[in-house]
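Chain by chain, the residues run as shown.
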Amino acid sequence: MKRTLLTAGAILALALSPAEAQNKTVKIGFVSTFSGPTAVIGNDMRNSFELALDHMGRKIGGLPVEVIYEDDGQKPDVGKQKTEKLIESDKVDFIVGYIWSNVLLASLKPVVDSKTFLVIANAGPSQIAGELCSPYVFSTSWQNDQTPQAVGEYMNQKGVKSVYLIGPNYAAGKDMLQGVAATFKGKVVGQDLTKWPDQLDFSAELSKARAAKPDAIFVFYPGAAGVQFLNQYVQAGLKGQIPLYTAFTIDELSLPRQKDLALGIPGAQQWVNDLPFDQNKKFVADFKKKYNSSPSFYGAQSYDAAQLINSAVTAVKGDLSKKDAMRDEMRKANFPSVRGPFKYGNNHVPIQNFYLQDVVKTADGSLGLKTVATIVKDSQDRHHTKCPMKW
Amino acid sequence: MLLFIEQTLNGLQFGLLLFLLAAGLTLVFGIMDLVNLAHGSLYMLGAYFAATFTALTGHFIGGVVLALMATLLVGMAVEVIAMRRLYGRDHLDHVLGTFGLILFFNELVRLIWGPAGMNLTLPSWLNTSIELMPGVHYSMYRLSIIIVSLAVAISLYFVVMRTRIGMLIRAGASNREMIGALGINIKLLFTLVFGAGAALAGLAGLMQAAILTAQIGMGENILILAFVVIIIGGIGSIRGAFVASLLVGLIDTVGRAFLPDVLKLFLSNSAASTAGPALSSMLIYLVMAVILVARPEGLFPAANK
Amino acid sequence: MKTIFTVRNVLVFGLLAFLAVIPAYADVTGNTFIMTLFTRIVILAIAAVSLNLIMSYGGMVSFGHAAYLGIGGYAVGILAFEGINSGFVQWPVAMIACGLFALVTGALSLRTRGVYFIMITLAFAQMIYYVGVSLDRYGADDGLTIYKRSNFGSLINLSNKTTFYYVCLVTLFATMYLVWRLVNSRFGMVIQGARSNDRRMRAIGIPTFRYRLVCFVIAGMMCGLAGILLANQADFVSPATMHWTRSGDLIVMAVLGGMGSVIGPVVGAVALLVLEETLPHIIAVVGHFVTGLEMTAAREYWQLVLGPMLLLVVLYARGGIDGLLRGGRRD
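Just so it is clear, the structure is predicted and the values come from calculations on it, not from any experiment. (Residues numbered from 1 in each chain as written. Chains lettered and ligands numbered in written order. Predicted model: local features only at pLDDT ≥ 70, side-chain atom pairs only at ≥ 80, totals over all residues.)

1. Looking at the overall build of chain A
For chain A, the helix and strand inventory stands at 13 helices and 14 strands. Taking the principal axes of the C-alpha coordinates as reference, chain A spans close to 65 × 55 × 45 Å. Excluding contacts between residues fewer than 6 apart, the proportion of contacts in chain A whose partners are at least 24 apart in sequence is 72%. (Helix = DSSP H or I, 4+ residues; strand = E, 2+ residues; numbered from the N terminus. Contact = placed C-beta atoms within 7 Å.)

The structure is reproduced here in structure tokens:
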């Protein structure tokens, strides 16, 4: 008994003790979802981040790099605990990741309190672009409103007069629907916020949308829910009757399961796999080679996050204590982003173009996403005025 | 009005689906006195099997039949390996043990099929909508779910009420010791009942797979609803489960569809659009609480134990 | 008179002593995360102990106990959001809110028995969960960040990690002591009597309903205390705190640890949460040792191991881990 106890104690101590401190290593904590249905997104982010490190010769700013991946299980409290572990136990220099707005908001306080750099590779809640902006927090993605605002613009361009909005009832979902309504000039004839993430059957909402007889339906359903929504939209016989406009609903991760159902359904994105920039071509080609699938925008944002960190560490020649200098360098966005050149706003959210993407059959018969047009140039989120930071 | 008809059909479809899940749960609960949280895992397996077999065979119906048989076999295997040892134990032991099984099955599915989930591709004749009456369009697939589930419900009723095995099941639900005294091979009966329950759950799961896709953990949320159904209906009562599942399905769907609009009559627009979804998801629990306060053993309590 | 130096007692006291020296360990090694982790474990242990009071002694299996974690937490969070930071206000308000919720739902739920009781408590907890989801002003699904912990003036500074840990630990010990006193009092006898034969207790003239309701309210308020601490520890509260899966976790902790004793749920909470944290590492290390391969990918499948472990505890250890230590085997 005593011996088992000792062994158990030893394993516990081993598991909980901080990895031995090595001099001159860049330690990066990566928080994302690696379990449950949305683990697909987390895996894509991890793969892209790893690919970026490969491209940099497994070195950041000339220093060896150690990445610790942690699974938030898509739960705010778990995400916060993992973030604290990375800061307190692993003592990381950078934290990267966060798919979900609510996980990010829960985890923000320990990051900002400890003055650890945070590079957000997806979530874009309005608070962080506005009053909660911080010198230590950067985004390589977008603010939630930007993408749907672009969709709203596009619907104006297409002459859509009325729209029905459907999205999940959580922070990003509400941001998305408000974003569309902010730029769309026609009439919003109805809106449904569905229970998230439990409700996956949208029959009631689709029936209501059909009865409201709008020119178009706009939806936001990230991850697997996008497949589910599209299934039901087609089964309800709405495809071909009421056109669908989307944000974050059709991407390289969901497309293999949406298949032909997604053909011809437009969406807006700041990055598409065929953007004609050298770094992007390299990213997409090598990703396909290494992982035998196409990267998604989640991956592109993670790839840029690695590049952003690299630019900062390079600028201070590996002296990680020079936080102000690193922050100033990051503000320049001085790296070859796969989405093309962009600038940072005062709130550290990118000012960037948004493109219209469409689903097309590629040469080899598989489905792919293609850039059709630039909807807006140099879009800046509308919350930056609430951010007190000036530089 | 037309919208109301359509929403009622939606509710009916959801309710019947719940019934398939609840029927197995209530039988296992009523006869073996087993709280089986892992029932949702069998639902999930049904979905994954169907997606896999239809893709492998390239034939929709064939894949579905194979998936049903596979779930039946898994269900019987689970009964023989694990559940059998739990009979006669405390309900809390069941909760802990079958909770362990949920974790196991979720991870097993992730190991075998990966985290992404699978889509069950429908043949084109199902992937369309039909006009039931002028102005009422309805998804062909959802309509066929209604038809299949009703057929299953009717045959289940026939089996339970009119056959010898049904008689044993009814006897077991009202007095467990009794069937033992009749000299019946209880072990076999239990395995069969559990397997049949598993197959029903699998059927529900595979029908949902084309709507919701097969996902890890898809069983847990709907399992809670299935428990709500068997509690409202009264444990062990197939008839109760049927009535309660239609009730829950209709309340959930119709509530979701119309409550936000009703609230807008009393509240500001933005308050109504947040309170609406919350209230309508609360609705079924409210109904359950009211029913239990009024009838502490559900609507159709099984005969005295 | 049997010796008190049984394996079980030595281990139990070892565990309690271990909990007491965690801050010192964190201090020596510089790894403060272990304290963050164990603060959370201690808080959830309080919740599990309170659940155990109604569940194993009172026979009232509540599948909605996490509701009190949420109510306690939201009371702190909402008051802090509205600018009231004083713990002297926050804590009593939170506990009274929990007490009232327990009183109302308990009075309705106690009409039912067995599984019906399990499900009606779940129903009430789900309603509160959806209330949380619809609290737009307080973050709805996103939850509410608490920027300042409860303020007790110069008395106690909860922002200090070590102080906060000891506050939680003392609360846990106090809760355990209270439960122990309760179950060994006349009140406890009535509660346990009502569990085994309610009709007989009523026949001898004891109004069991009232006793059971009081017990239910006490447990709710204790768990509310855990909710207060949890919100302060996390600086955050969200509806996820009171999701039904969290209530399930609490049941699992109590059953896993062993329901027959006051210490059982504490053992269960420590075992479950430490396993969650370490099992991935253990799998990687053991896997590497056995196969000689790099097993980092296997870490994500730790639940594949945890699941059957729980089943085995049920099958082969009557009375959970604590029961196992007492040498109790399934009969």
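2. As for the overall build of chain B
The secondary structure content of chain B amounts to eleven helices and two strands. Sequence-ordered secondary structure for chain B, helices as α and strands as β, is α-α-α-α-β-β-α-α-α-α-α-α-α. Scaling as 2.2 N^0.38, a compact globule of 305 residues should have a C-alpha radius of gyration of about 19 Å, and chain B matches this with 20 Å. The dimensions of chain B, computed from C-alpha atoms along their principal axes, are 60 × 50 × 35 Å. Looking at chain B as a whole, 57% of its 305 residues are labelled buried. Sequence-distant contacts, at least 24 apart, represent 78% of the contacts inside chain B between residues at least 6 apart. (Rg over C-alpha atoms; globule rule 2.2 N^0.38 Å. Buried ≥ 20, exposed ≤ 12 C-beta atoms within 10 Å, placed from the backbone.)

3. Structural notes on helix α8 (residues 203-212) of chain A
Residue and element names in this part refer to chain A. With respect to burial, α8 is a largely interior element, eight of its ten residues being buried. Considered for burial, the residues of α8 that qualify are S203, A204, E205, L206, S207, K208, A209 and R210. Where α8 ends, the next residue or the one after it, K213, has phi of about 50°, a positive value.

4. Thoughts on the sheet that holds strand β5 (residues 117-120) of chain A
All names here are of chain A. One open sheet accounts for six strands, arranged β2-β3-β1-β4-β5-β6; its pairing is mixed. Looking along the sheet, the strands with just one partner apiece sit at the ends: β2 (59-60) and β6 (137-139). Judged from the two bridges that link them, β2 and strand β3 (residues 63-71) form a sheet pairing that is antiparallel. Residue pairing across strands places K59 opposite P64, the latter belonging to β3. (Pairing = 2+ DSSP bridges.)

5. Looking at the confidence of the model for chain B
On average, residues of chain B carry a pLDDT of 88, and 97% of them reach 70 or more. For this predicted complex, the interface confidence reaches an ipTM of 0.85, while the overall pTM sits at 0.86. (pLDDT = per-residue confidence, 0-100.)

6. With respect to the interface of chain A and chain C
Counting residues at the interface gives 27 residues for chain A and 23 residues for chain C. Those elements that place two or more of their residues in the side of chain A that touches chain C are α1 (2-16), α3 (76-88) and α4 (101-113) of chain A. Take the side of chain A that touches chain C: its biggest share by element is seven residues, from α3 of chain A. Each residue belonging to the side of chain A that touches chain C can be placed in one class, and the counts come to 13 nonpolar, seven polar and seven charged. (Nonpolar A, V, L, I, M, F, W, Y, C, P; charged D, E, K, R; others polar.)

7. Points about the domain arrangement of chain A
Residue and element names in this part refer to chain A. Along its sequence, chain A is organised into domain 1 (21-142 + 276-350) and domain 2 (146-269). Taking only C-alpha atoms, the centre of domain 1 and the centre of domain 2 are 29 Å apart. Contact with domain 1, which involves 14 residues of that partner, is made by twelve residues of domain 2. Of all the elements in the fold, those that place two or more residues in the side of domain 1 that touches domain 2 are α2 (39-55) and α4. Split by residue class, the side of domain 1 that touches domain 2 holds seven nonpolar, six polar and one charged. (Domains from an automatic or database assignment.)

8. Comments concerning the confidence of the model for chain A
Put simply, chain A has an average pLDDT of 89, and 94% of its residues get 70 or more. Confidence drops under pLDDT 50 across residues 17-22 of chain A; counting only partners more than four residues distant or on other chains, this segment forms seven contacts.

9. Some details on the interface of chain C and chain B
Contacts between chain C and chain B engage 36 residues on the former and 36 residues on the latter. For the side of chain C that touches chain B, the secondary-structure elements that each account for two or more residues are α5 (114-133), α9 (244-257) and α11 (302-316) of chain C. For the side of chain C that touches chain B, the element with the highest residue contribution is α5 of chain C, accounting for eleven residues. Classifying every residue of the side of chain C that touches chain B gives 27 nonpolar, six polar and three charged.

10. Examining the packing of helix α1 (residues 2-32) of chain B against helix α10 (residues 238-264) of chain B
All names here are of chain B. Axis separation between α1 and α10 bottoms out at 7 Å; the angle between their running directions is 145°. The way α1 lies across α10 gives a crossing that is right-handed. Listed contacts from α10 to Q7, T8, N10, G11, L12, F14, G15, L18, F19, A22, A23 and T26 of α1 are I238, A241, F242, S245, L246, V248, G249, L250, D252, T253, V254 and A257. Partitioned by chemical class, the residues of the contact of α1 with α10 number 14 nonpolar, nine polar and one charged. (Axes fitted to C-alpha atoms, helices over the stretch in contact; angles between N-to-C directions. Left-handed = near helix turned anticlockwise from the far one by under 90°.)

11. Describing α2 of chain A
Residues and elements named next belong to chain A. Its 17 residues place the ends of α2 24 Å apart at the C-alpha level, agreeing with the 24 Å of an ideal helix rising 1.5 Å per residue. Counting buried residues along α2, twelve of its 17 residues qualify, which places the element largely inside the surrounding structure. When α2 is considered as a whole, its buried residues turn out to be A39, V40, I41, G42, N43, D44, M45, N47, S48, F49, L51 and A52. Tucked into the core, α2 has its buried residues touching β1 (26-32), β4 (94-97), α11 (278-291) and α12 (297-315). Among the residues trailing α2, G57 stands out with phi positive, at a value near 70°. (Expected span 1.5 Å × (residues − 1).)

12. Some points on the nonpolar core
Of all hydrophobic cores here, the largest spans 341 residues; its most connected members are V119 of chain A, A226, V228, V229 and M288 of chain B together with A45 and M119 of chain C. If you tally residues by element for this core, the top one is helix α2 (residues 33-57) of chain C, at 19 residues. No fewer than three residues from each of domain 1 (21-142 + 276-350) and domain 2 (146-269) of chain A sit in this core. Residues in contact with V119 of chain A, not counting those within four places in the same chain, are F94, V96, F138, T140, A305, L308 and I309 of chain A. (Core = buried A, V, L, I, M, F, W, Y, C linked by C-beta atoms within 7 Å.)

13. Comments concerning the pairing of strand β9 (residues 216-219) of chain A
All names here are of chain A. Neither face of β9 is exposed, since A216 and F218 on one face and I217 and V219 on the opposite face are all buried. The pairing of β9 with strand β10 (residues 244-247) spans three bridges and is classified as parallel. Its bridge partner being in β10, F218 is matched across the sheet by Y245. The parallel pair β9 and β10 is bridged by helix α9 (residues 224-235), and the resulting crossover is right-handed. (Right-handed = clockwise from strand over helix to strand, strands pointing away.)

14. Looking at the environment of F4 of chain B
Residues and elements named next belong to chain B. By the element assignment, F4 lies in helix α1. Judged by the 13 C-beta atoms lying within 10 Å of it, F4 is partly exposed. Between the alpha carbons of F4 and V136 there is a distance of 9.8 Å; along the sequence they are 132 residues apart.

15. Some points on unusual backbone geometry
All names here are of chain A. Even without being glycine, K91 reaches a positive phi, approximately 50°. You can see K91 is positioned in the loop between α3 and β4. With a phi angle near 70°, H348 is a residue other than glycine that sits in the positive phi range.

16. Remarks on the packing of α8 of chain A against α1 of chain B
It is at 9 Å that the axes of α8 of chain A and α1 of chain B come closest, and there the two elements cross at 165°. Viewed along their axes, α8 of chain A and α1 of chain B adopt a mutual orientation that is roughly antiparallel. Note that α8 of chain A runs across α1 of chain B; the crossing there is right-handed. Touching S203, A204, S207, K208 and A211 of chain A of α8 of chain A are L3, E6, Q7 and N10 of chain B, all from α1 of chain B. (Parallel < 35°, antiparallel > 145°, perpendicular 65-115°, else oblique.)

17. A look at the pairing of β10 of chain A
Residues and elements named next belong to chain A. Residues L244 and T246 line one face of β10 and the alternating positions Y245 and A247 line the opposite face, and both faces are buried. Relative to strand β11 (residues 267-269), β10 runs parallel, the two sharing two bridges. Across the sheet, the residue bridging to A247 is A268, located in β11.

18. Some words on the environment of A66 of chain C
All names here are of chain C. Note on placement: A66 falls in helix α3 (residues 66-81). Separated by 51 residues in sequence, A66 and L15 have C-alpha atoms that sit 25 Å apart. Leaving out residues up to four positions away in the same chain, A66 has contacts with A125, T241, M242, H243, R246, S247 and L250.

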